[in-house]
Amino acid sequence: MTQVSWPMFLMYCYFTAFVFIAGIYCILATRRLIRIMIGLELLTKGVTLLLIAVGYLMNNTGLTQALVITLIVIEVVVIATMGGIVLSVYRVHNSLESKYLRKLKW
Amino acid sequence: MPSLVILVPLIALLILNLPLGEVMRKASFWVALGFFIFQTVLLFCHHFRCICGSERFINSFFGMDVSVDHLSFMVMFLVNIVALTSLLVARHAIKDSDARFNFINLIVIASAGMNGVTVAKDIFSLYVFLEVTAVALFIAIALQREPRALEGAFKYILLSSIATVMMLTSIAVLFFAAGDTSFASLKSALQVSGKSPVLLAAIGVFICGLFIKGGLVPFHGWLPDAYSAAPAPVSVLLAGIVTKVSGIYTLMRLVAAVFGFKAAVCDVLLFGGTLSILVGAFAALGQKDFKRMLAYSSISQVGYIIVGLGTGTALGIAGAIFHFFNHAIFKTLLFVNAAAVEESTGLRNMNKMGGLSSRMPVTGATSVMALLSNAGIPPLAGFWSKVIIIIALWVSGRYAYAVIAILAAVVTLAYLLIMQRKVFFGNIRPELDGTKEAGPGYVIASVVLAAITVGAGIFFPYVFDHVIIPARSALLP
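Structure report, in brief. (Residues numbered from 1 in each chain as written. Chains lettered and ligands numbered in written order. Predicted model: local features only at pLDDT ≥ 70, side-chain atom pairs only at ≥ 80, totals over all residues. Heavy atoms only, no water.)

## Quick notes on the overall build of chain B
The cut-off we apply is this: Every helix listed is a DSSP run of H or I at least four residues long, and every strand listed is a run of E at least two residues long, numbered separately from the N terminus. Our radius of gyration is a C-alpha quantity, and the globule rule it is checked against amounts to 2.2 Å times the number of residues to the power 0.38. Remark: exposure states derive from per-residue accessible area (1.4 Å probe, protein chains only) relative to the maximum for the residue type, with buried under 20%, exposed over 50%, and partly exposed in between. Residues count as neighbours in contact if any of their non-hydrogen atoms are within 4.5 Å of one another. The Shrake-Rupley method, run with a 1.4 Å probe, gives the accessible areas here. Residue values count only the displayed protein chains as cover. This count recognises Lys and Arg as positive and Asp and Glu as negative, with His and chain-terminal groups excluded. Here the site of a charge means atom NZ of a Lys, CZ of an Arg, CG of an Asp or CD of a Glu.
Within chain B one finds 19 helices and 0 strands. Rg of the C-alpha trace for chain B: 21 Å, near the compact-globule value of 23 Å for 477 residues, within the 12% margin. Judged by the C-alpha coordinates and their principal axes, chain B covers about 70 × 60 × 45 Å. When burial is assessed residue by residue, chain B has 63% of its 477 residues classed as buried. Considering only residue pairs separated by 6 or more positions, chain B has 82% of its internal contacts joining residues 24 or more positions apart. With an accessible surface of roughly 16,000 Å², chain B has 70% of that area assigned to carbon and sulfur atoms. Of the side-chain charges in chain B, 31 are positive and 20 negative, and the distance between the mean point of each set is 5 Å.

This is the structure in structure tokens:
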């Protein structure tokens, strides 16, 4: 395995943290369903990058590859399901604003 | 056996989707019914050690680390019982045959996922099976595309995904500490460097993720919405077993097998559990919607399980496992009753009902049993498990928690009696005069579940010695 220089790796870590924070901000700041989905996707991508970093540090890239590929497959399934639900919401309300999803209260 | 429990549902799924056209759609209910009964029989066969020796051959297909013990056996039995109930409810409650066929497929996928959760011995395969279960339920909640159900499904999917992200972050940190993802190596790594704050934070994040999945109080926002908005059979499945397997069972297993009963972990569990007991019980008092009230009651009862686990003593864990068993049975029964009432009257608002007991005798009678078990009235099963948990709290010196648990049990009785009085007791309302029992599926399901909850209460010593104590030995070697 080729070694990456330390500043390069640090930059990778900063980027991972940036993706993660961007995802959290995206979910908190927006009121649109599609953007919430994008935020979740960013969060999951951040975690994927974190797992890769851990695998690199542990020198165990084989196991990490298996984990990351499984993670990506499952994440696609979850996001596709969520997309289907958002699409149905759009068909019902003709809008993607999350304010329509506030009917359930006691 | 361990890999069979994942393989068998997948084979059933293949059989269900054989290209036979309309024939299979009509027969799908019976195929699924046969499959779940077969799976239950298979479990008992394994339990009595008479399965044939093909295990190694089948295991060679899976590169996973799986194993089955008494606790997994008990949980898989509950999965099958609740799935059978949900299937019987679906036969009446989902009218459209296409939607019913889709739901039956989803229930089989969810049962594969839950079986996987119960046998996984590797933190990453655990995550995979949790997601399989969750995705099947996301689709099932939104199955009929009603606006309310879509809202519940969206909230569930959002919070569940956030829980997943939290768990994966924690998995990455634990993986960094251990170099592997199996429970055994994680545990030894945590024993070596268990005091490190980073690892403690990772454990905390993981527990928070599981609290979201199990709907415990600071993170319970999605649960009443998803339970009350879902179609009747889906809420039976979701409330009866899915949140319990994906949140509570996983928490039990991980605390025992990986995190260990550290003081910090136990404090978090005790505090979260007690908060859930209180908030769930008081929120349930004010509900009008039948299913929403049951959802809050579910939060409160799950709190008892977590508190029992949080004592960290042998007695408390036995109580937690027993309450897990009881709660799965009687909460499923109450949701079946709610589904039957909704089916035959079309109502969910409890203020508009009254006196249904005279028109729906089986539903009324079984709901009284579930209520008494839920509220902890002797000699029903719920009494024993609650008493064990409270005694464990008292013996381990957590007097304040024990007192809160006792007082909350009184509130439990209060809100359940309010429900019973509004819905089933009293004189029949004139506009509900023509109401009948909703159908044979509901009657069979509620009678069987009521029989289990009464039987487990009366034969408590036998059940405790032969089911709960062996199951506990899986957590406390």
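## A closer look at the overall build of chain A
Helix and strand counts for chain A come out as 3 helices and 0 strands. Starting at the N terminus and walking to the C terminus, you meet the elements of chain A as α-α-α. Taking 13 Å as the expected radius of gyration for a compact globule of 106 residues, we find that chain A reaches 18 Å, considerably beyond that expectation. With respect to the three principal axes, the spread of C-alpha positions in chain A is 55 × 25 × 25 Å. Scored against the burial criterion, the 106 residues of chain A give a buried share of 40%. Partitioning the intrachain contacts of chain A with sequence separation of at least 6 by distance along the chain shows that 59% fall at a separation of at least 24. Surface summary for chain A: the accessible area is close to 6,300 Å², and the carbon and sulfur share equals 70%.

## Some words on the interface of chain A and chain B
To keep things clear, this is the line we draw: Whenever Lys or Arg places a side-chain nitrogen within 4 Å of a carboxyl oxygen from Asp or Glu, that contact is recorded as a salt bridge. Whenever two N or O atoms come within 3.5 Å, that pair is a polar contact, provided that in protein one can donate a hydrogen and the other can accept it, and provided that, for residues adjacent in sequence, both atoms are side-chain atoms. In this classification, Asp, Glu, Lys and Arg are treated as charged, Ala, Val, Leu, Ile, Met, Phe, Trp, Tyr, Cys and Pro as nonpolar, and every other residue, Gly included, as polar.
Taken residue by residue, the interface counts 36 residues in chain A and 36 residues in chain B. If you look at where chain A meets chain B, you find 0 salt bridges. The interface formed by chain A and chain B contains 1 residue pair in polar contact (both at pLDDT 80 or more). For the side of chain A that touches chain B, the elements supplying multiple residues, two or more each, are α2 (33–58) and α3 (61–93) of chain A. Examining the composition of the side of chain A that touches chain B, we find that 16 residues originate from one element, α3 of chain A, more than from any other. A class-by-class count of the residues in the side of chain A that touches chain B yields 25 nonpolar, 8 polar and 3 charged.

## Some points on the packing of aromatic side chains
All names here are of chain B. Definition in use: Pairing of aromatic rings covers Phe, Tyr and Trp, the last counted by its six-membered ring, and requires centre-to-centre distances within 6.5 Å; plane angles under 30 degrees mean stacked, over 60 mean edge-to-face, and any other angle means tilted.
Under the defined criterion, the tally for this structure stands at 16 aromatic pairs over all chains. With 5.3 Å between their ring centres and 50° between their planes, Phe 124 and Tyr 127 make a pair best called tilted. Here Phe 124 pairs with Tyr 127, and both are found in helix α6 (residues 123–141), just 3 residues apart, close to one helical turn. Pair check on accessibility: Phe 124 and Tyr 127 agree, each one buried. Their ring planes at 45° and their centres at 5.5 Å tell us that Phe 460 and Phe 464 sit as a pair that is tilted. With Phe 460 and Phe 464 both in helix α19 (residues 460–475) and 4 residues apart, the pair spans about one turn of that helix. The pair formed by Phe 460 and Phe 464 is uniform in burial state, with each residue classed as buried. Aromatic ring contacts, followed pair by pair, group Phe 322, Phe 383, Trp 384, Phe 460 and Phe 464 into a single cluster.

## Topic: the state of the cysteines
Working definition: the covalent bond between the sulfur atoms of two cysteines is a disulfide. We count it as follows: Cysteine sulfur atoms are paired as a disulfide whenever they come within 2.5 Å of each other.
The tally for this structure, following the rule as stated, stands at 0 disulfides over all chains. Free of any disulfide, Cys 208 of chain B has its nearest cysteine sulfur in Cys 266 of chain B, 16 Å distant.

## Concerning empty space enclosed by the protein
Sizing a probe to match a water molecule and rolling it over the atoms shows the empty space that remains. This is how the line gets drawn: Here a cavity denotes grid points, spaced 1 Å and computed from the protein atoms alone, that fit a 1.4 Å probe unable to get out, and a pocket denotes an open set having protein on both sides within 12 Å along at least 5 of 7 lines; residues with an atom within 4 Å of a point are the lining. Grid points are joined across faces, edges and corners, and a volume is the space filled by probe spheres set on the points.
Summed over the entire model, instances satisfying the criterion amount to 2 cavities of 30 Å³ or more. Around the largest cavity sit Leu 40, Thr 44, Glu 75, Val 78 and Ile 79 of chain A together with Tyr 127, Glu 131, Ser 161, Thr 164 and Val 165 of chain B, which together line it. Elements with a contribution of two residues or more to the lining of the largest cavity: α2 and α3 of chain A together with α6 and α7 (147–178) of chain B. Each residue belonging to the lining of the largest cavity can be placed in one class, and the counts come to 5 nonpolar, 3 polar and 2 charged. Counted as a void, the second largest cavity has a volume near 40 Å³. Every residue lining the second largest cavity is listed: Ala 284, Leu 285, Gln 287, Met 293, Met 350, Tyr 415, Ile 418 and Lys 422 of chain B.

## Things to note about unusual backbone geometry
Residues and elements named next belong to chain B. Here the amide bond leading from Pro 378 into Pro 379 is cis, since omega sits at 5°, within 30 degrees of zero. Position of Pro 379 among the secondary structure elements: in the loop between α15 (361–375) and α16 (381–395). We note that Arg 145 has phi near 55°; this positive angle belongs to a residue other than glycine. Of note, Arg 145 is situated in the loop between α6 and α7. Residue Arg 145 is classed as exposed on the basis of its relative accessible area, which comes to 54%.

## Describing a nonpolar patch on the surface
Stated precisely, the cut-off is as follows: Patch definition: residues above 30% relative accessible area lacking any salt bridge, with like charges linked at up to 9 Å and the nonpolar side chains Val, Leu, Ile, Met, Phe, Trp and Tyr linked at up to 5 Å.
Side chains of Trp 6, Leu 10, Tyr 14 and Leu 57 of chain A together with Phe 176 of chain B sit close together on the surface and give an oily, nonpolar patch of about 560 Å² of accessible area. Looking at the nonpolar patch, the element that brings in the most residues is helix α1 (residues 6–29) of chain A, giving 3 residues. Checked against the element boundaries, Trp 6 of chain A lands in helix α1. Judged by relative accessible area, Trp 6 of chain A falls into the exposed class, the value being 57%.

## Topic: the packing of helix α12 (residues 263–285) of chain B against helix α17 (residues 399–423) of chain B
Residues and elements named next belong to chain B. Using the following cut-off: Helix axes use the C-alpha atoms of the stretch in contact, all axes being lines fitted to C-alpha atoms, and the angles between their N-to-C directions lie in the range 0 to 180 degrees. Roughly parallel covers angles under 35 degrees, roughly antiparallel covers those over 145, roughly perpendicular covers 65 to 115, and oblique covers all other angles. When the near helix sits turned anticlockwise from the far one by under a right angle, the crossing is termed left-handed; a clockwise turn instead gives a right-handed crossing.
One way to put it is that α12 packs onto α17 with a least axis distance of 9 Å and a crossing angle of 25°. Classified by the angle between their axes, α12 and α17 sit roughly parallel to one another. Here α12 runs over α17; the crossing is left-handed. Along its contact with α12, which presents Leu 270, Phe 271, Thr 274, Ile 277, Leu 278, Ala 281, Phe 282, Ala 284 and Leu 285, the element α17 presents Tyr 401, Ile 404, Ala 408, Val 411, Ala 414, Tyr 415 and Ile 418. Counted by class, the contact of α12 with α17 contains 15 nonpolar, 1 polar and no charged residues.

## Looking at helix α4 (residues 70–93) of chain B
What counts here: By this rule the span expected of a helix is its residue count minus one, scaled by 1.5 Å.
Here α4 of chain B contains 24 residues, and its C-alpha end-to-end distance of 34 Å stays within 8% of the 34 Å for a straight helix at 1.5 Å per residue. In terms of burial, α4 of chain B is a largely internal element, 21 of the 24 residues being buried.

## So, α19 of chain B
Residue and element names in this part refer to chain B. Worth spelling out the cut-off: Two axes enter the definition of the bend at a residue: one is fitted to the seven residues ending there, the other to the seven starting there, and the bend is the angle between them.
Between its first and last C-alpha atoms α19 spans 21 Å; for 16 residues at 1.5 Å apiece the expected length is 22 Å, and the two agree. A bend of about 30° at Ile 468 is the largest found in α19, and the proline Pro 470 appears one to four places after it. Of the surrounding secondary structure, the elements contacted by the buried residues of α19 are α4, α11 (232–259), α14 (314–345), α16 and α18 (440–458).

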